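Survey of secondary and tertiary structure
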Amino acid sequence: MTEPNHQFLFRYHILGQLEVRRFGQVVEVGGDKAKRLLATLLLQPRHTVSTDVLVDVLWPAAPPRSAVANLRTYVSSLRARLGVSGDGPLQTRPSGYRIDLDDDASDLIRFEQLVGEARRQHGSGDTVRASALLDEANRLWRGDPLADLSPAPEWEITISRLKALRLEAEELRLGTLISLGRPTQAIPDLRALVSEHPLREQLWFELVRALHGAGRRAEALQAYVDARTVLVDELGIDPGPALRGLQRTVLADADLDSEPRGEAYVPPPRVFQTPADTADFVGRKAETAEIATALEIATGPTFVLLTGPAGVGKSALAVHAAHRFRGRFPDGQIYVDCRGTDERGATDLLAEALGALGVPAGALAPGLAGRAAQFRSLLADRAVLVIVDNAATADQIAAFLPATTGSAALVSSRHHHPTLPGFRRISVPALEDPDSHQLLAELLGQHRVDAEPAAAQAIVTGCDGLPLALRTVAAGLIAQPYRPLWSIAVPAKGRGLDGVVADGIGAATEQLRASLDADFRRLPAGAADALTVLATLGPEPVPDWMVSALSGATGTLDGVVSAGLLQPVGTDTLGIPTYQLSGLVRRYLDGRRTASIPLPALERMAGGWLTLLAYASESLPVGFFQVEPAAAARRTTVPPAAQVVARARRNAVRWLESEQSRLVAVTEQTADAGAAGLAVDLAVGLASFFELRANVDDWRRTHRAALRAAVSAGDARGEAMILRGLGQLDIYADQYSAAAGKFHRSLALFTQLGDRRGAAAALSGLGAAHHYDQKNDQALDFYRLALGLYEKTGNAHGVAYARAAIGLVGMSAGNATAARKWLDRARLDAGAVADHNRSAHVLHKLGLLMHRQEEPAMAAAYQREAMAIFSGLGNDLGVANTKLQLGQLTAERGAVRPAIALLEETLPTYRTLGDRRSEVDALLLLSDLNESERRAGPAWRYRQRAAQLSHTLRTGS
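Each residue is numbered by its place in its chain's sequence as written, counting from 1. Local features are withheld for residues below a pLDDT of 70 in this predicted model, meaning they are given only at 70 or higher, and side-chain atom pairs are given and counted only at 80 or more; totals for whole chains, interfaces and linings count all residues. Working from all heavy atoms in the structure, the side-chain values ignore hydrogens and water.

1. Observations regarding the overall build of the protein
Across its full length, the protein carries 45 helices and 15 strands. With the C-alpha coordinates of the protein rotated into their principal frame, the extents come out at 115 × 65 × 65 Å. In the protein, which comprises 957 residues, the share counted as buried stands at 52%. His is not counted, nor are the chain ends, whereas Lys and Arg count as positive and Asp and Glu as negative. Where a charge sits is defined by one atom per residue type, namely NZ (Lys), CZ (Arg), CG (Asp) or CD (Glu). When the 103 basic and 106 acidic side-chain charges of the protein are each reduced to a single mean position, those positions are 4 Å apart. Every helix listed is a DSSP run of H or I at least four residues long, and every strand listed is a run of E at least two residues long, numbered separately from the N terminus. With a 1.4 Å probe rolled over the protein chains alone, any residue whose accessible area is under 20% of its type maximum counts as buried; one over 50% counts as exposed, and the rest are partly exposed.

Written as structure tokens, this is what we have:
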């Protein structure tokens, strides 16, 4: 038996309290977060809502580190409550989630469709049908949208639009009642609406009209007086001509439908200038649906602006949409091609359009303003679509905007034209890979694409989802049907725009070059330089503040985005908008790039990253060296905004995880450029996070780069700090002699500089190197010297570290009493300064001590407490160390399988960190435990690996 369609069973209501019904019965959705999740999706049905937006709605104050995982759980739970298998209507998308509903399943979709159809019926003269549709639309409302949920900023725009549309629908509904001879029914609702919206003149117009139509002339005149009083008192203006004309009609006690007769009206000729649709048009379903929505819900003339990078297919989409929606504009379509430059002035373009509308050259109005008014007059009360293609300036667009309901303007432009109001702006992105493949197959034939899938993919990748690039590459292949695809794909890969042209991309690309040249000429020097640097940095999206930092000016971003040279692509983990150069713009900039990034721009950018890193590091375990946030902020003249800094501090680990590769690259770039101080501070600032995540590769990579820069620049303090970090890495790699050498050099430099805090850190390193090399007497001497310096310099975190280290040495020497004293004191010290990471380390050591004293229950309790803290901090190495001890304790009480599981979980961390000694300990335990379980194969493999690592430890290889 076929399962009934989910959407025939469920109805989703948001026009009032959130409500889901199945066969008329209310379905319990869940708690507040589940409701907010569903509400956010229902406000944008059939559109993907990003994960970042959903996280912000569910956790508006401070999302937990597990927010994305928690969101997946809420989605899964919601699907279960809705009783669907698989995704059902609640679909997972790469960037978020969407709810895909039939028209009748959502009261929001149904309301918008009813209002749109009512407008069409009203416009065609069927007032009875329009009235019935508007009554049905009105009945869908049960109160304010999502009235039972606390508001979210992310809902505000959609809910405001819904309320505005409802008000407009009510105006039209009540107006149709009056036109149908039922003014008395309209009066109560009109009075209520006028009270709620006293500045809305159309409501006063309908109220005066209803009162007059109901024979209540005196009340109608009083309503006019009330309207005029409100408008004069609140806005300082008189009523408009329509309301004033209605007052004269009431004073004359004339028929509302009486109109003065004049000369016969001769409409202008019907025109259809739109070019032919593209036969092989592919994709763009979401954008076409957005255009349809804009046309459906319009209450006046509709203005749609398609924006996107050069070559992305804006013109093709505009023409395709014009053909698809031709039936909505029975009076024709006017097409204006501005050719992407400002060479064609709006006055001349208007002359062409007016000529097409039947205006002789001798009758053209003089000047831009006169011709624009003439154009609007000819379109008045008609349903015409105006396509303004490849617009370069706001004047070219504004001249062609119709002024009356029923008409629309569909504009394509690389520029966003933020000064033009009233536009529905739709971003046209690059084609997704499947659509690019489909277009290539349409152009070349499916058999050629199928015969060389790797070459076809190389062409698709090289063209960056830009239809123009795909078409120009395909042009040469179409003319040569036996030419293999690889002959185009291989030479073009990774080459700049000039190289692609040399391989046959052709004249279309050259046209793009000319228009891009014009765009760049209009940019201020700083903005052009910033884009050139961005091209050097690679294709990854960048946060908004980085553009300003590179240019040295805060207004750069708006200019380059408005010019269509930098595309908005989403948000980063902090919710900060991110931007990206399109493939063709990036290739165009290849010819402008210099061998290296200009040092001032690099220092501003790196200073911005350092500022965020310094504030984020305040939430990480305290390291031996810290970069003060205030000092970091002084490194750049254009620092990230305070809101960005606050988010980095609040979401430190999540932000660092997402940006670590970029931070590594910036550290290396600053080091290579000779900005030693910045490179050192970035490397030192990243060390705590890398240690937390056991990421020794990036730790070593950034420290080596910073060391080269510091030595080259003669930065003794920077060299000393970096040597301290590199020595720590040697300890993790069990290279104790190498570590001691670096620590001695670091100590000498700090001593020469008179830096006692730095000297204490170097002494601590020497203590650790000697302790792990089983030279406890020397280790104790170094730790005591470090403790003395920490106490003299007031470094409470250092004091806690040194006392815990002395306790560990005492434990190794067999002096349990002294060890316990030092560890208890260190625990108190760490707690006094809220150093949770250090507290966990001390607990781990206390667990080791209890194990040695044969108190397994106490030992396990300490290790579990330490592991909980380490886990909360995200300290992977700390978690691994506690699991190693818990595994041993678990095995000793006979629970072999759980012990094996704990020990196996430690291995990836030890391997990543290069901690061979700890890995050997875990491997030997695993071998013994597997042997006790008669699992000879795993036992042998673990022992072989342990033997190999032990050999490297003995030989130092």
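2. With respect to the packing of helix H37 (residues 776–793) against helix H38 (residues 796–812)
Axis definition: a line fitted to C-alpha atoms, limited for helices to the stretch in contact. Angles are taken between N-to-C directions and run from 0 to 180 degrees. Their axes nearest at 9 Å, the elements H37 and H38 cross at an angle of 160°. When the axes of H37 and H38 are compared, the pair comes out roughly antiparallel. Note on packing geometry: the crossing formed by H37 with H38 is left-handed. Contact residues: Asn776, Ala779, Leu780, Tyr783, Arg784, Leu787, Tyr790 and Glu791 in H37; Gly798, Val799, Tyr801, Ala802, Arg803, Ala805, Ile806, Val809 and Ser812 in H38. Following the grouping adopted for this structure description, the nonpolar residues are Ala, Val, Leu, Ile, Met, Phe, Trp, Tyr, Cys and Pro, the charged ones are Asp, Glu, Lys and Arg, and the polar ones are all others, Gly among them. Considered class by class, the residues forming the contact of H37 with H38 number 11 nonpolar, 3 polar and 3 charged. Working rule for angles: under 35 degrees goes down as roughly parallel, over 145 as roughly antiparallel, 65 to 115 as roughly perpendicular, anything else as oblique. Crossing handedness is read from the near helix: turned anticlockwise from the far helix by less than a right angle, it gives a left-handed crossing, and turned clockwise, a right-handed one. What makes two residues a contact is simply this: any of their non-hydrogen atoms within 4.5 Å.

3. With respect to the sheet that holds strand S8 (residues 302–307)
Paired strands are those between which DSSP finds at least two bridges. The strand order S7-S9-S10-S11-S8-S12 describes an open sheet built from 6 strands, whose pairing is parallel. On the outer flanks of this sheet lie strand S7 (271–272) and strand S12 (423–427), each paired with one strand and no other. Relative to S12, S8 runs parallel, the two being bridged by 5 bridges. Paired with Leu306 across the bridge in S12 is Ile426.

4. Overview of the packing of helix H24 (residues 525–537) against helix H25 (residues 544–551)
Between H24 and H25, the shortest axis-to-axis distance is 8 Å and the interhelical angle comes to 120°. In terms of orientation, H24 lies oblique with respect to H25. In this structure, H24 meets H25 at a crossing whose hand is right-handed. Here Gly526, Ala527, Ala530, Val533, Leu534 and Leu537 of H24 lie close against H25, whose contacting residues are Met546, Val547, Leu550 and Ser551. Of the residues assigned to the contact of H24 with H25, the class counts are 8 nonpolar, 2 polar and no charged.

5. A short note on the environment of Met811
Mapping Met811 onto the fold places it in helix H38. Separated by 374 residues in sequence, Met811 and His437 place their C-alpha atoms 67 Å apart. If we ignore the near neighbours within four places in the chain, the residues touching Met811 are Ala819, Leu823, Lys845, Leu848, Leu849 and Arg852.

6. Quick notes on the packing of aromatic side chains
Any pair of Phe, Tyr and Trp rings, taking the six-membered ring for Trp, is counted once the centres come within 6.5 Å. Such a pair is stacked with planes under 30 degrees apart, edge-to-face with planes over 60 apart, and tilted for the rest. Inspection of every chain in the model, using the stated rule, returns 12 aromatic pairs. Ring geometry for Trp609 and Trp655: centres 6.1 Å apart, planes at 20°, overall stacked. Here Trp609, found in helix H28 (residues 599–617), pairs with Trp655, found in helix H31 (residues 652–672); they are 46 residues apart in sequence, far enough to count as distant. Taking relative accessible area as the criterion, Trp609 reaches 0% and is therefore assigned buried. Ring plane angle 50° and centroid distance 6.1 Å describe the contact between Phe689 and Phe690, whose orientation is recorded as tilted.

7. Topic: the side chain of Glu19
With respect to the secondary-structure elements, Glu19 resides in strand S2 (residues 19–22). Only 2.7 Å separates the side chain of Glu19 from the side chain of Arg21, close enough to count as a polar contact. Definition of a polar contact: a pair of N or O atoms within 3.5 Å, with one able to donate and the other able to accept a hydrogen when the atoms are protein atoms, and with sequence-neighbouring residues admitted only if both atoms are side-chain atoms.

8. Side note on the sheet that holds strand S3 (residues 25–26)
Strand order across the open sheet formed by 3 strands is S1-S2-S3, with antiparallel pairing between neighbours. A single partner strand is all that each edge strand has here, and the edge strands are strand S1 (10–13) and S3.

9. Topic: the pattern of salt bridges
Salt bridge criterion: a side-chain nitrogen from Lys or Arg within 4 Å of a carboxyl oxygen from Asp or Glu. Counted by the stated rule, this structure contains 32 salt bridges. Of the charged contacts, one joins Asp189 and Arg173 as a salt bridge, the two residues approaching to 3.0 Å between their closest N and O atoms. Remark: Arg173 occurs in helix H7 (residues 156–179) and Asp189 occurs in helix H8 (residues 183–196); sequence separation between them is 16 residues. The buried category is assigned to Arg173, whose relative accessible area is 6%. For Arg745, the salt bridge goes to Glu719, with nearest N and O atoms at 3.6 Å. Highlighted residues: Arg745 in helix H35 (residues 736–753) and Glu719 in helix H34 (residues 716–732), separated in sequence by 26 residues. The class for Arg745 is partly exposed, based on a relative accessible area of 38%.

10. Some details on H31
The largest bend along H31 measures about 60° and falls at Glu659. Of all the residues in H31, the buried ones are Ala652, Val653, Trp655, Leu656, Glu659, Arg662, Leu663, Val664, Val666, Thr667, Thr670 and Ala671. Against strand S13 (542–543), H28, helix H30 (642–650), helix H32 (676–692) and helix H33 (696–713) lie the buried residues of H31. Given a residue, its bend is the angle between the two axes fitted to the seven residues that end at it and to the seven that start from it.

11. A few points about the side chain of Ser746
For Ser746, the location among the structural elements is in helix H35. For Ser746, a relative accessible area of 0% gives the class buried. In contact with Ser746, other than residues within four places in its own chain, are Ala720, Leu723, Arg724 and Ala762.

12. Focus on the pairing of S8
With respect to burial, S8 is a largely interior element, 6 of its 6 residues being buried. Pairing of S8 with strand S11 (residues 408–413), which is carried by 6 bridges, proceeds in the parallel orientation. Residue pairing in the sheet places Leu306 in a bridge with Ser412 of S11.

13. So, the confidence of the model for the protein
Close inspection of predicted coordinates is inappropriate for parts of the model with low pLDDT. Per-residue confidence for the protein gives a mean pLDDT of 84; residues scoring 70 or more make up 92%. Under a pLDDT of 50 for its full length, residues 1–8 has, in the predicted model, 11 contacts with residues more than four places off or in other chains. Per-residue confidence from the predictor is reported as pLDDT, which spans 0 to 100. Note that residues 258–267 has pLDDT below 50 and, in this model, 0 contacts with residues that lie over four places away or in other chains.

14. Thoughts on the environment of Ala683
Mapped onto the elements of the fold, Ala683 is located in helix H32. Contacts of Ala683, omitting those with residues within four sequence positions, involve Thr667, Thr702, His703, Ala706 and Ile722.

15. Side note on the nonpolar core
Think of a nonpolar core as a cluster: buried Ala, Val, Leu, Ile, Met, Phe, Trp, Tyr and Cys residues, connected wherever their side-chain atoms sit within 4.5 Å. One finds Leu531, Leu566 and Leu656 to be the most contacted residues of the largest nonpolar core, which totals 133 residues. A per-element tally of this core places H32 first, with 12 residues. Those residues within four positions of Leu566 in sequence are excluded, and the remaining contacts are Leu531, Leu534, Val547, Leu557, Val560, Val561, Tyr579, Gln580 and Leu581. Among the nonpolar cores identified, the runner-up in size contains 51 residues, and Leu58, Leu108, Leu114 and Ala169 belong to it.

16. So, unusual backbone geometry
Phi is mostly negative for residues that are not glycine, and the peptide bonds are mostly trans. In this structure, Asp734 takes a positive phi of about 60° despite not being glycine. Mapped onto the elements, Asp734 comes out in the loop between H34 and H35. For Glu854, which is not a glycine, the phi torsion comes out positive at approximately 60°. With respect to the element layout, Glu854 can be found in the loop between helix H40 (836–852) and helix H41 (856–873).

17. A few points about H24
Helical periodicity: at 3.6 residues per turn, an α-helix aligns residues three or four positions apart in one direction. For a helix, the expected span equals 1.5 Å multiplied by the residue count minus one. Relative to the 18 Å expected for 13 residues at 1.5 Å per residue, H24 spans 19 Å between its end C-alpha atoms, a close match to the ideal helical length. All of the buried residues along H24 are Ala527, Ala528, Ala530, Leu531, Thr532, Val533, Leu534 and Ala535. Once H24 finishes, Gly538 follows within two positions and takes phi at roughly 110°, a positive value.

18. Re the environment of Leu620
Here Leu620 lies in the loop between H28 and helix H29 (629–633). Discounting residues that sit within four places of it in the chain, Leu620 has contacts with Val653, Leu656, Ser688, Phe689 and Leu692.

19. Examining the pairing of strand S10 (residues 385–389)
Buried residues dominate S10, accounting for 5 of its 5 residues. Bridging between strand S9 (residues 332–337) and S10 involves 5 bridges; their strand directions are parallel. Pairing of Ile334 across the sheet is with Val386, part of S10. Note: S10 against S11, 4 bridges, orientation parallel. If you follow Val386 over to S11, its bridge partner there is Ala409.

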